[in-house]
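# Observations on the model geometry
Next come the chains, spelled out residue by residue.
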Amino acid sequence: MTKTINLKELFDNFEYTTMQSYENMSVIGIKSNENYNNIDILPLKKGLQMGLVEIGELENANVNTLNVTNNAITPLLILDGEELIGAKQNRIANATYIIPPKTNMQIKVSCTESGRWNYTTNHFKYSGHFAEANLRKAKAQDVTESLKTNGIRESNQSRVWNRISEVSNTLKVKSKTSAMREIYTNNKAKINEYLDNFKDENDTIGSIILINNKVSGIELLFNRTLYKQNHRKLIESYIPEAIEQKNEDYDNESNIDVDKFINEVVTSKIEQYEPDGIGVDVRIESEDIIGSTILLENNPINASFFRKIKT
């Protein structure tokens, strides 16, 4: 297995942009002195649009498993939390998967539309959204625990549905099928108010996202083009959390929390797991943080680090 990543060295190579803020949410861009653009990889959206990738239900449909066919000559990248819509019900990826070229395989997913179990399309389409941030946090904790106990990237499906219901109720979302994506579509104007204040900046490969001056998560895509394509969607995924917490009191010391969060990330215990697909799945966990980094050919591809949801 590939040698694990040194997170302290990784973060030591980062530079940070000036904080952008709106209401109770702030974003700090991340730049790196390293060049991470040497891996040829196919994004999910492009693969589906070009007809090189086909994702569908199993012959005996299963809520938490899908079939992926990558007909491209390059590896396919499916990012943790990316949503697929259609088929019998909408799903999100339980982890970041790198699917080898010319390969058919199954991946673990979570349902994000509990009120439907009938075909609307034969195969899945690209949603244009990531799972809402607190949903991803809960899922990350459950998937990591599942890896530790049985080596499978299983989520707690009931917990996923409960989180969708919780945020839908708070944001007054109306959905006939309890679809997660309608959290975004029903609140498009308010979400865009936030989004328009968090511009993608030149040369960034990631962001630190703060809610009420506390770090909620760090998102990294170690390729400038890939990050640029996903910046708005990733930031969008944290906005429901910001709206939920808008009326809470909070401290003004954001810089202190950023330093503390990063220090906890780089000093957390690291464990490696065999991937579903290719690469290496590196997981970290501490008392307050859960996260993962996906490596391919010794290069980091994608990383997410979250503040845990307290239960």
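The following refers to the structure shown. (Residues numbered from 1 in each chain as written. Predicted model: local features only at pLDDT ≥ 70, side-chain atom pairs only at ≥ 80, totals over all residues. Heavy atoms only, no water.)

## Some remarks on the pattern of salt bridges
Under the definition given, this model contains 23 salt bridges. D281 is the salt-bridge partner of R153, the closest N and O atoms lying 3.0 Å from each other. Note that R153 is positioned in the loop between α3 (133-150) and α4 (157-170) and D281 in strand β16 (residues 280-285), a separation of 128 residues in sequence. Under the relative-accessibility criterion, R153 is labelled buried at 3%. With a relative accessible area of 2%, D281 lands in the buried category. E166 serves as the salt-bridge partner of R163, at 2.9 Å between the closest nitrogen and oxygen. Taken together, the residues span about one helical turn, with R163 and E166 both in helix α4 at a distance of three residues. Judged by its relative accessible area of 7%, R163 is buried. When its relative accessible area of 45% is taken as the criterion, E166 is described as partly exposed. Three or more residues joined by partner-sharing salt bridges are found here, namely D80, R136, K139 and E219. (Salt bridge = Lys/Arg side-chain N within 4 Å of Asp/Glu carboxyl O. Helix = DSSP H or I, 4+ residues; strand = E, 2+ residues; numbered from the N terminus. Buried < 20%, exposed > 50% of the residue type's maximum accessible area, 1.4 Å probe, protein only.)

## Some remarks on the sheet that holds strand β12 (residues 124-130)
Strand order across the open sheet formed by six strands is β5-β6-β11-β9-β8-β12, with antiparallel pairing between neighbours. Looking along the sheet, the strands with just one partner apiece sit at the ends: β5 (53-56) and β12. Averaged over neighbouring strand pairs, the angle between their axes works out to 35 degrees when direction is ignored. One ladder, built from six bridges, connects strand β6 (residues 65-70) with strand β11 (residues 103-111); its direction is antiparallel. By the bridge assignment, V68 is partnered in β11 with M105. Sheet contacts for helix α7 (residues 224-236): β8 (82-86) and β12; angle to β12, the most-contacted strand, approximately 65 degrees. (Pairing = 2+ DSSP bridges. Axes fitted to C-alpha atoms, helices over the stretch in contact; angles between N-to-C directions. Contact = heavy atoms within 4.5 Å.)

## Description of the sheet that holds strand β4 (residues 42-43)
Where strands meet in a sheet, backbone hydrogen bonds hold them as pairs that are either parallel or antiparallel. Read across the open sheet, the three strands follow the order β4-β7-β10; overall the sheet is mixed. Edge strands, defined here as strands with exactly one partner in the open sheet, are β4 and β10 (97-99). Sheet analysis places strand β7 (residues 76-78) next to β10, joined by three bridges and oriented antiparallel. Of the residues in β10, the one forming a bridge with L77 is I98.

## What about the nonpolar core?
By size, the foremost hydrophobic cluster in this structure holds 29 residues, and its most contacted members are M25, M180 and Y194. With residues up to four places along the chain from it excluded, the contact list for Y194 reads Y22, E23, N24, M25, I239, A242, I243 and K246. Counting 26 residues, the second largest nonpolar core, distinct from the first, contains F11, I208, I262 and I284. (Core = buried A, V, L, I, M, F, W, Y, C linked by side-chain atoms within 4.5 Å.)

## Overview of the packing of helix α6 (residues 188-195) against α7
When two helices pack together, their arrangement is given by the angle between the helix axes and the distance between those axes. At a minimum axis separation of 10 Å, α6 and α7 run at an interaxial angle of 120 degrees. The interaxial crossing formed by α6 with α7 has right-handed handedness. Residue-level inspection shows I191, N192 and L195 of α6 in contact with α7, the latter providing R232, I235 and E236. Classifying every residue of the contact of α6 with α7 gives three nonpolar, one polar and two charged. (Left-handed = near helix turned anticlockwise from the far one by under 90°. Nonpolar A, V, L, I, M, F, W, Y, C, P; charged D, E, K, R; others polar.)

## Some details on helix α9 (residues 254-266)
Taking 1.5 Å per residue, 13 residues should reach 18 Å; α9 reaches 19 Å between its end C-alpha atoms and fits that length. Residues S254, D257, V258, F261, I262, E264 and V265 constitute the buried set of α9. Down the axis, α9 shows its buried residues gathered within 160 degrees of arc, on one side only. Of the exposed residues in α9, the ones pointing more than 90 degrees away from its buried face are N255, I256, D259 and K260. (Expected span 1.5 Å × (residues − 1). Arc of directions from axis to C-beta.)

## Considering the pairing of β12
Summarising burial for β12: five of the seven residues are buried, a large majority. Of the strand pairs in this sheet, β8 and β12 are connected by four bridges, and their pairing is antiparallel. Each residue of the ladder has a partner; that of G86, found in β12, is F124.

## Concerning the environment of E193
Examined against the element boundaries, E193 turns out to sit in helix α6. Residue classification places E193 among the partly exposed residues on the basis of a relative accessible area of 36%. Looking at E193, its side chain comes within polar contact range of the side chain of Y22, at 3.0 Å. (Polar contact = N/O pair within 3.5 Å; in protein donor to acceptor, adjacent residues only side chain to side chain.)

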